[in-house]
Amino acid sequence: MQRTAMTIVAIVALAACNREPQVSATNASVAEVAEKVRKAGAGESFVRPGLWESKVTIEQLDVPGMPAEMAGKMKSMMAERQMNASRHCLTAEDVKKPKEDLFAGQNKSCRYDRFNMGGGKMDAVMRCGDKNASQVMEMSGTYSPDAYQMRMANKVDVAAKGAEGAMAMKMRVDARRIGECTGKEG
C-alpha cells in the first residue's frame, strides 16, 4: 500500500513544473507516458517538494476461493495499517526528474490503455501482465500542488490451476504536503 501511495506521488510529480499540464495518451507504454508528462512541464512547480503524508483506505477486497477465516485476517491486517498514515519526502530532484519505474515498478509489461491529466484531474487505466497473470488498474482523482485524492480499482487475474477468479480491490489514497523534509523520513 505504501508503494501505491508513492506511485501516486510519482504520477503527480511527473507532471511537475507546469501550472496547467495537459497530457493525453492511449495505448502507451509507461515510458511514453512519462516522457509526455515531462514534456508538458516547464517553469514553476506544479507539485511542491516537501514532506508528504498519505493514507490508503481499502474500500473493497475480494479474493475468490480464499477461506473466510483467512480473508477476515487479511482484511483485519489491512484495516490496522490503514489507521497509520505514511510519510515520505518528495525532493526538488524528484519533482524535476522523477523515475518512470515508479509508475509500474520493475514490471516492463505495463501499458496505459488511456492516460489523461490536466486541470487538476487525472484519469488512467493501466494494464500489466504476462501468460501467468494480468492486472488492470483504473485510477481517477484530483490533485493540486499541496494535496491529492485518488481512487483506484485493481483487478488481478491469475492463470493458475485451481484459481477461482480474479482478486479485486478498491482503494482511496488521500495525501497532503505537511511541511519540509527533515531527512529522517522512512
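For clarity, every value in this text was computed on a predicted model and none was experimentally measured.

Asks: I'd love a proper account of the pattern of salt bridges, names of residues and values included.
Replies: Pairing is possible between side chains that carry opposite charge, provided their charged atoms lie close to one another. Evaluation of the coordinates by the stated rule reveals 11 salt bridges. Of the charged contacts in the structure, one is a salt bridge between Arg151 and Glu59, with a shortest N-O distance of 2.6 Å. Highlighted residues: Arg151 in strand 7 (residues 147-158) and Glu59 in strand 2 (residues 50-62), separated in sequence by 92 residues. Residue Glu59 is classed as partly exposed on the basis of its relative accessible area of 38%. A salt bridge links Glu59 to Arg172, with the nearest nitrogen and oxygen atoms 3.3 Å apart. One end of the pair, Glu59, is in strand 2; the other, Arg172, is in strand 8 (residues 167-179), and 113 residues separate them in sequence.

Asks: Summarise the side chain of Ser29; cite the residues concerned and give the values.
Replies: Mapped onto the fold, Ser29 is located in strand 1 (residues 23-29). For Ser29, the contacting residues outside a window of four places in its chain are Cys110, Arg111 and Tyr112.

Asks: Help me get a handle on the state of the cysteines, residues and values and all.
Replies: Here a disulfide denotes one covalent bond, and it connects the sulfur atoms of two cysteines. If you walk through the whole model with that rule in mind, you get 2 disulfides. Two residues share a disulfide in this structure: Cys89 and Cys181, whose sulfurs sit 1.9 Å from each other. Across the S-S bond of Cys89 and Cys181 the torsion is about 100 degrees, and the bridge reads as right-handed. With Cys89 in strand 3 (residues 86-90) and Cys181 in the segment after strand 8, this pair connects stretches of sequence that are 92 residues apart. Assessed through its relative accessible area of 31%, Cys181 is described here as partly exposed. What pairs with Cys110 in a disulfide is Cys128, and their sulfur atoms sit 1.9 Å apart. Residues Cys110 and Cys128 share a disulfide whose torsion about the S-S bond is about 105 degrees; that sign makes it right-handed. Taken as a pair, Cys110 in the loop between helix 5 (101-104) and strand 4 (111-118) and Cys128 in strand 5 (residues 121-129) lie far apart in primary sequence, 18 residues in all. Exposure class is identical for Cys110 and Cys128. Each is buried. Across the protein chain, the way the bonded cysteines pair up, counted in sequence order, is 1-4, 2-3.

Thresholds applied
Residues numbered from 1 in each chain as written. Predicted model: local features only at pLDDT ≥ 70, side-chain atom pairs only at ≥ 80, totals over all residues. Heavy atoms only, no water. Salt bridge = Lys/Arg side-chain N within 4 Å of Asp/Glu carboxyl O. Helix = DSSP H or I, 4+ residues; strand = E, 2+ residues; numbered from the N terminus. Buried < 20%, exposed > 50% of the residue type's maximum accessible area, 1.4 Å probe, protein only. Contact = heavy atoms within 4.5 Å. Disulfide = S-S within 2.5 Å.

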